[in-house]
Amino acid sequence: MINGISRRSLLGGAAGGLLAWGAAAGSGRAVPARRLPSPDMIAAADPAELSAVEAASLLQSGRLHPRELLDSCLSRTQRFDGYVGAWVRLYPEIAYAAADAAGERLARARRDSVPAPLVCGLPVALKDIFAVSGLPLTASSRVLDGNIASGHSGVWRRLESAGAVLMGHAHTDEFAIGVSTPQVGNPWNTEFSPGGSSGGSAAVLAARFAPLAIGSDTGGSVRLPASACGVSSVKPTYGRITSHGMIPLTWTRDHVGPMGRSLADASMLMTVLSGTDSADPITALGPAVPEGGFPLTARGGARPLAGIRIGVVADPEPEPAEPVQRVVDAAVEVVRSLGAEIVSVSMPSLPASLATGDMVEMGAYHQQFTDRIGLYRPENAVLAGAAVASLAVPAADYFALERDRLRYQSEYDRMFADHDLDAIMLPGTSVDGARREEFLGVSVTLGVTGDVRWANYAGAPVVTLPAGYSSVTGLPVGIQLGARPWQDAELIALGLEVQEALPVWRDAPHLVAQAARIPEVGPVPPGPGPDPTNTIGAAAPVRTPPMNPIG
């Protein structure tokens, strides 16, 4: 099934963005970094088409009620998800109760002139690895059929406290292992993959089924889908967001990934999700969340990136397809036009031993399911079996592998210091689209569809944002911007300037109507636990934070 595409070209979109940015700069007014757009400037016939920051502005002002927004998102889902298949389960009973509670909270905040969290009343999709007490948690796998979470993940605890509306769980590639998420079609062309493993979360956003989504990233699992679906993501510094109550893939590489249509949307999620969690001690080891939260708006001006040095990776591995590289090259020129100095760099080589460490950590979790190996997808049964077998690696060898990771972190930081870099820039993916089952059996830790593993091994923050479209497939192409550990806020601010000049995220795919058949589930008694996921061994035995940046 090939969906039609309604969009502007890369050059046209870039030019339009640059003209708008120039007009704002000419006004002489500074743009506050964390301001929501004015509700007077927002127009949308369908609330589901609003970005998260636009919807938040209308919700905070009282011009939109959370129930109206939820109605629109559910209606759009029911009309179009038949072809896309982004959702595993929906929770309308829970969602409407939360929307009504959020409406009352927002009304009190307006009456008492006190702030309400910016995500209050916003529908959100959780990747099917994040526990919510009393709701199914299956990692999109038959292995966990009937599993009920015994408690809240740290991510959902924060979102619920802020008044977010849980709309449902989105599909993941089984246990977040692979890069294809074959259950889901890319909303831009449903014959193609949305990427993985957070493919359902990216598809929910691209299809305008919900304004916010949560994914996870062990080897590009939010960045690859964001690039493939034309949405935005943040892979934060390792330890910035709690992973307690999340089904793990490899705990020393797993990162929670806020996702939104725009980088501002994802940044708004970052503010809610970041901070300490007593159940995940590593979250107490980094710097505090910036006062007032992470940035939401570009600064603007004639040359907002003047004085910024960005390293463009000269030899990404694997080499991008030519149509992908053309979009990236055009984006580099846009970044240069914003005043940034472009420096050619080469990434440090990844130690081959790190892949063995990944398998050991995967096996440590999946050994509990050896009696259910036949319930995995066939190609994942092979991977899970190999991971369990890797537990024969001596403990001393495993800790030697961890020393290799620390050396890599040091080399990554040294690259920034040696070249006096503020950020690096790479393609968001290397492939120009992939058919839905093209990469079955390929683990996200192998890095065959994009140069992405560096960020998980370095623990470094990365933002991904759409930059244009392939001239061959017509599919979105994204770029990655990376920085040194704990420079999440500075990186987001830089990314917002780029996205202001490349407003590709505003484009929407043309969806073909096909009624959805999504299970609708209500809460039941929680599972016995003790881990929130109601599985064994989800808690990481070893977690260490990334080094402080050099220079």
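Residues numbered from 1 in each chain as written. Predicted model: local features only at pLDDT ≥ 70, side-chain atom pairs only at ≥ 80, totals over all residues. Heavy atoms only, no water.

A. Representation of the pattern of salt bridges in the model. By the definition in use, this model includes 18 salt bridges. Residue Arg240 is joined to Asp488 by a salt bridge in which the shortest nitrogen-to-oxygen separation is 3.9 Å. Of this pair, Arg240 sits in the loop between β6 (232-235) and β7 (255-260) while Asp488 sits in helix α14 (residues 488-501), placing them 248 residues apart in sequence. Its relative accessible area of 5% is what places Arg240 among the buried residues. The class for Asp488 is buried, based on a relative accessible area of 1%. Across the pair Arg407 and Asp404 runs a salt bridge whose closest N-O atoms are separated by 1.8 Å. Here the residue Arg407 and the residue Asp404 both occupy positions in helix α12 (residues 395-419), the gap between them amounting to three residues, near one helical turn. Since its relative accessible area comes to 14%, Asp404 is described here as buried. Each member of the salt-bridge network shares a partner with another, and the members are Arg253, Asp358, Glu402 and Arg405. (Salt bridge = Lys/Arg side-chain N within 4 Å of Asp/Glu carboxyl O. Helix = DSSP H or I, 4+ residues; strand = E, 2+ residues; numbered from the N terminus. Buried < 20%, exposed > 50% of the residue type's maximum accessible area, 1.4 Å probe, protein only.)

B. Spotlight on the packing of aromatic side chains. With the rule as written, the count across this model stands at eight aromatic pairs. With centroids separated by 5.5 Å and ring planes inclined at 55°, the aromatic side chains of Trp188 and Tyr469 adopt a geometry described as tilted. You can see Trp188 sitting in the loop between β4 (165-170) and α6 (199-206) and its partner Tyr469 sitting in strand β11 (residues 462-469), a full 281 residues away along the chain. The residues Trp188 and Tyr469 share a single accessibility class, namely buried. (Phe/Tyr/Trp six-rings, centres within 6.5 Å; stacked < 30°, edge-to-face > 60°.)

C. Geometry of the environment of Ile94. Following the sequence through the fold, Ile94 ends up in helix α4 (residues 92-112). Residue classification places Ile94 among the partly exposed positions, given a relative accessible area of 23%. Sequence separation between Ile94 and His255 is 161 residues, and the spatial gap between their C-alpha atoms is 27 Å. Once residues lying within four places of it in the same chain are set aside, the contact partners of Ile94 are Leu135 and Pro523. (Contact = heavy atoms within 4.5 Å.)

D. Representation of helix α2 (residues 52-61) within the structure. Judged by how many residues are buried, α2 sits mostly within the fold: eight of ten residues are covered. Turning to α2, its buried residues number three or more, namely Ala52, Val53, Glu54, Ala55, Ala56, Ser57, Leu58 and Leu59. Tucked inside the fold, the buried residues of α2 contact α3 (66-84), α4, β5 (212-217) and α8 (263-273). Phi for Gly62, located one or two positions after α2, is positive at around 85°.

E. Seen up close, the nonpolar core. Grouped together as the largest cluster of nonpolar side chains are 140 residues, with contacts concentrated most on Leu122, Leu159, Phe175 and Ile214. With eight residues, α8 is the single largest residue contributor to this core. Ignoring any residue separated from it by four or fewer positions in sequence, one finds Leu122 in contact with Ala52, Ala55, Ala56, Leu59, Leu69, Ala164, Val165, Pro211, Leu212 and Met268. Core analysis: the second largest hydrophobic core is formed by 18 residues, Met347, Met415, Ile424 and Leu426 among them. (Core = buried A, V, L, I, M, F, W, Y, C linked by side-chain atoms within 4.5 Å.)

F. Molecular detail of the sheet that holds strand β8 (residues 309-313). Sheet architecture is open: eleven strands sit in the order β2-β4-β3-β5-β7-β6-β11-β12-β10-β8-β9, paired in mixed fashion. Two strands close off the open sheet at either side, each with one partner strand: β2 (87-90) and β9 (341-345). Averaged over neighbouring strand pairs, the angle between their axes works out to 30° when direction is ignored. Sheet topology note: the β5/β7 ladder contains six bridges and is antiparallel. Bridging from a neighbouring strand, Ile214 pairs with Pro258 of β7. Along the sheet face, helix α9 (residues 322-337) touches β8, β9, β10 (423-427), β11 and β12 (476-482) and points at about 150° away from the line of β10. (Pairing = 2+ DSSP bridges. Axes fitted to C-alpha atoms, helices over the stretch in contact; angles between N-to-C directions.)

G. Seen up close, the state of the cysteines. Taken as a whole and assessed by the stated rule, the structure comprises zero disulfides. Free cysteine: Cys73, not disulfide-bonded; nearest cysteine sulfur from Cys120 at 15 Å. Residue classification places Cys73 among the buried positions, given a relative accessible area of 0%. The thiol of Cys229 is unpaired, and the distance to the nearest cysteine sulfur, on Cys73, comes to 17 Å. With a relative accessible area of 1%, Cys229 lands in the buried category. (Disulfide = S-S within 2.5 Å.)

H. Examining the packing of α2 against α8 more closely. It is at 7 Å that the axes of α2 and α8 come closest, and there the two elements cross at 65°. Along the contact surface, α2 presents Ala52, Val53 and Ala56, while α8 presents Ala264, Asp265 and Met268.

I. Local environment of the pairing of β12. For β12, the tally of buried residues reaches seven of seven residues, placing the bulk of the element in the interior. Across four bridges, β10 lies against β12 in antiparallel orientation. Bridging from a neighbouring strand, Ile424 pairs with Gly482 of β12. Taken together, β11 and the strand that follows it, β12, pair antiparallel across an intervening segment of six residues, in which Gly474 is found at a positive phi of about 75°.

J. Looking closely at unusual backbone geometry. Cis rather than trans, the peptide bond between Gly196 and Ser197 has omega equal to 10°. Counting through the fold element by element, Ser197 comes out in the loop between β4 and α6. The residue after Glu317, namely Pro318, is reached through a cis peptide bond having omega 5°. Topologically, Pro318 is positioned in the loop between β8 and α9. Residue Ser140 is not a glycine yet carries a positive backbone phi of 50°. Along the polypeptide, Ser140 turns up in the loop between β3 (123-127) and α5 (154-161). Positive phi values are uncommon outside glycine, yet Asn534 reaches one of about 60°. The topology assignment puts Asn534 in the segment after β13 (508-509).

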